[in-house]
Amino acid sequence: MNHRITVVGTGYVGLVTGACLSDFGLEVICVDKDRDKIETLKRGVVPFYEPGLENLVNKNSSAGRLTFSNDIKAGIENSDVIFIAVGTPSQENGSADIQHVQDVARDIATYINEYKVIVNKSTVPIGTVRLVEDIIKRYQKQPFEFDVVSNPEFLREGAAVYDFMHPDRVIIGTDNERAVSIMKGVYRVLFLNQKTPFLFTDPESAETIKYASNAFLAMKVTYVNEMAALCEKTGADIVSVARGMGMDGRIGNKFLNPGPGYGGSCFPKDTKALVNIAHNYGVQMSLVEATIAANENRKKRILSKIETIVGELHNKNIGVLGLAFKAETDDTRESPALSIVSDLARRGAYVKVYDPKAMEQAWLKLNGLDNVQFCENEYAVAEGVEALIIMTEWNQFRGLDLTRIKASMQKPLFFDLRNIFEPGIMRKMGFEYYSVGRS
Ligand code: UDX
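In this report, we go over the structure that sits alongside the text.

Rules used throughout
Residues numbered from 1 in each chain as written. Predicted model: local features only at pLDDT ≥ 70, side-chain atom pairs only at ≥ 80, totals over all residues. Heavy atoms only, no water. Near = heavy atom within 4 Å. Polar contact = N/O pair within 3.5 Å; in protein donor to acceptor, adjacent residues only side chain to side chain. Areas by Shrake-Rupley, 256 points an atom, 1.4 Å probe, with all protein chains shown as cover. Helix = DSSP H or I, 4+ residues; strand = E, 2+ residues; numbered from the N terminus. Nonpolar A, V, L, I, M, F, W, Y, C, P; charged D, E, K, R; others polar. Buried < 20%, exposed > 50% of the residue type's maximum accessible area, 1.4 Å probe, protein only. Pairing = 2+ DSSP bridges. Right-handed = clockwise from strand over helix to strand, strands pointing away. Axes fitted to C-alpha atoms, helices over the stretch in contact; angles between N-to-C directions. Parallel < 35°, antiparallel > 145°, perpendicular 65-115°, else oblique. Contact = heavy atoms within 4.5 Å. Salt bridge = Lys/Arg side-chain N within 4 Å of Asp/Glu carboxyl O. Expected span 1.5 Å × (residues − 1). Phe/Tyr/Trp six-rings, centres within 6.5 Å; stacked < 30°, edge-to-face > 60°. Lys NZ or Arg CZ within 6 Å of the ring centre and 35° of its normal.

## Side note on the site of the ligand
Near the ligand there are 18 residues, and of these E157, K210, N257, G263 and K326 occur at the shortest range. Here a nitrogen atom of the ligand sits 2.7 Å away from a polar atom, N or O, in the main chain of N257. At 3.1 Å, a side-chain N or O of R418 approaches an oxygen atom of the ligand. With the chains in place, 94% of the 660 Å² that the ligand exposes on its own is no longer accessible. For the shell around the ligand, the element with the most residues is helix α10 (residues 203–234), which contributes three residues. Its residues placed into classes, the shell around the ligand shows nine nonpolar, three polar and six charged.

Right under this line is the structure:
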C-alpha cells in the first residue's frame, strides 16, 4: 500500500526526508509554519546549499508527488505517516530544546482523524517517543489509535541526499508490529534496491543509537586531532598513522582526518545533549565530556600556534580560505573558521576571507567586525597577506594556482589546517608551510 506522508519541518532533515521519500514514489506533503520558507520552496528554490537537493525537490514537485504547505491540519488529516523533523536546538545547559516537537505533537492531537504512525525524525532526548505518546493521548479529541516511532537520521551535511538514499542502516524504534509493517512500507524502496539493513528495536534504544553514534564520531575525530598534536612533536606523520589505524577493520578508516576541530549543527549539540541526558540520570559520560573540552581547547591551540609563528597580530594582514564548518555546505554553525577569524580580528589583525558557499551566513555572524574583509575569490584574499590559512577543505582550494598565490602574498607563510597540500611540494615552492600532524 502506498502511504501518504506528511513531513513537519523543512530544514536539512525534513526537506531531505520529504524529497527522498517522494523520490521513492510516495506522496509527500512538506509542512512548515514559516510562510516565506514554504513560498520559496514552492518556487523550487532550496534556501540552503545541499548538493543534489534542489534538483530532487524540483523533479518530484513537477511530478506532483511532493508539495509544500503551511496547513498542518490538512497535512495531518490527509496522511497516514507523519514525520516530525523540526529543530531541537541546544539550550544553555546543553539539553535539547524539544518545544517544537511538543508543539507538533499537540497539533497532531488536535487534528488526528484516524490511525496514524507518528515518526520522530529529529534528534530528540531519550524517552521522547513516550512523551509524544502522552501528549497525543492527553489532548486528542477522540481516542483514535496511533503509534509513535523513533527513526533517527544519520545525514551528513553536504552528503545528506546520498546518505538518505544509501544509509548503512535504517533504525526503527517501536514496540508495535502494525507500525513496523507500515515503516517497512515507507522504506521499501531502500530494501528492494540495495537490501539496506533494518534494525527494529525499542524506542529508547533507537533514540540512544543516534546520540551514541554521533558522540562516538565526535570522539573519533577529536582523538585523531590529539594524535596529530603528538605527531607534530615526535616527527611522525598523522596521515600515515591514520591510514595505519584505519586498516584495522575494528577501527575503520573514516573520520580520521585531522583538522581544526569539529563544528556543525550536530556534533556540538548532540555531545552536550548526551552529557546532559546522562547527568539527569546521575551518569557521568566522562569520555564525551573530555571530547567537548578537547575540541574547544583545539581551537585555542590553533590560534596560539598561528600567533607564535606569525608574531604580533596587530595590524597584520591575514588571509583565511574557508568559513563553512566543513566542505560542501554553506553552514557556519559552530564553524572553527569563524572562531579563528573573529579571534584574529579581535587581536587587531586585518582578516581577508572567502568561502565558495558560506559568505552570506558568515557575513551575518562577522559583520560586526570592521577589520574583516569579505573578498570575491581566493586570489583576492591572498593579495598582500603575511599569512594564508586554509580552514575548510573545499576542492577548489586543492586546485589553487599556488605560484600565483605565492607571488601575490607579502610573505609566503601558509597554514593548511585540513592537510589538503603536500609538505614537500609546498616547501619546494618556497612556502613556509605548516599543516596538521605532519612535521
Ligand atoms: C554529523 C554526522 O556525521 C551525521 O551522521 C549526523 O546525522 C549529523 O552530524 P555533519 O555534522 O553534517 O554530520 O558533519 P560530519 O561530516 O559528520 O562532520 C562533523 C564535523 O567533524 C565537521 O566539523 C567535520 O569537519 C569534522 N570532521 C569529520 C573532521 O574533522 N574529520 C573527519 O575525518 C570527519
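## Topic: the pairing of strand β9 (residues 317–321)
Consecutive side chains along a regular strand alternate between the two faces of the sheet. Within β9, four of the five residues are buried, which leaves the element mostly enclosed by the surrounding structure. Where β9 and strand β10 (residues 350–354) come together, five bridges link them in parallel fashion. Counterpart to V320 in the pairing with β10 is V353. Following the backbone out of β9, through helix α14 (residues 336–346) and into the adjacent parallel β10, one traces a crossover that is right-handed. Alignment of β9 against strand β12 (residues 387–390), held across four bridges, turns out to be parallel. Within β12, the residue paired with G319 across the bridge is L388.

## Topic: the packing of helix α6 (residues 128–139) against α10
When two helices pack together, you describe them by how their axes are tilted relative to each other and by the distance separating the axes. With their axes 8 Å apart at the nearest point, α6 and α10 run at an angle of 130° to one another. Considering their axes alone, α6 and α10 lie oblique with respect to each other. Judged by residue contacts, T128, V129 and R130 of α6 engage P203, E204 and E207 from α10. Of the residues that constitute the contact of α6 with α10, the class distribution is two nonpolar, one polar and three charged.

## Re the pattern of salt bridges
Once the charged atoms of two side chains with opposite charge are near each other, the side chains can pair. Tallying each qualifying case throughout the model produces 20 salt bridges. In this structure, E204 engages R130 in a salt bridge whose closest nitrogen and oxygen atoms are separated by 2.8 Å. Here the residue E204 occupies a position in helix α10, and R130 occupies one in helix α6, the gap between them amounting to 74 residues. E204 sits in the partly exposed class, given a relative accessible area of 25%.

## Here's the deal with the sheet that holds β9
Two pairing modes exist for strands in a sheet, parallel and antiparallel, and in both the strands are linked by backbone hydrogen bonds. Ordered by their spatial adjacency, six strands build an open sheet running β11-β10-β9-β12-β13-β14, and the pairing between neighbours is parallel. Of all the strands in the sheet, just β11 (372–374) and β14 (432–434) have a single pairing partner and so form its edges. Here the average twist between neighbouring strands, direction ignored, is 20°. Sheet strands touched by helix α13 (residues 286–310): β9, β12, β13 (413–416) and β14. Its angle to β13, the strand with the most contacts, is close to 165°. This element, helix α15 (residues 359–366), spans β10 and β11 of the sheet and lies at about 155° to β11.

## Some words on helix α1 (residues 12–23)
Taking 1.5 Å as the rise per residue, α1 with twelve residues should run 16 Å; its terminal C-alpha atoms sit 16 Å apart, in good agreement. With eleven of twelve residues buried, α1 is to be regarded as a mostly interior element. Considered for burial, the residues of α1 that qualify are Y12, V13, G14, L15, V16, T17, G18, A19, C20, L21 and S22. G25 sits one or two positions beyond α1 and adopts a positive phi of about 100°.

## What about the packing of aromatic side chains?
Applying the stated criterion across every chain yields a total of 13 aromatic pairs. Relative to F164, the ring of F24 has its centre 6.0 Å away and its plane inclined at 45°; by these criteria the two rings are tilted. Taken as a pair, F24 in the loop between α1 and β2 (27–31) and F164 in helix α7 (residues 160–165) lie far apart in primary sequence, 140 residues in all. By relative accessible area, F164 is classed as buried at 5%. The interplanar angle of 65° and the centroid separation of 6.3 Å between the aromatic rings of Y187 and F198 together place this pair among those described as edge-to-face. Taken together, the residues span a long stretch of sequence, with Y187 in the loop between α8 (177–186) and α9 (188–194) and F198 in strand β8 (residues 198–201) at a distance of eleven residues. A relative accessible area of 21% means that F198 is categorised as partly exposed. Among the aromatic residues, ring-to-ring pairing joins F24, F164, Y187, F191, F198 and F200 into one connected group. Residue placement shows R169 over the ring face of F154; its charged tip is 3.7 Å from the ring centre. The ring of F191 is capped by K195, whose NZ or CZ atom sits 5.4 Å from the centre of that ring.

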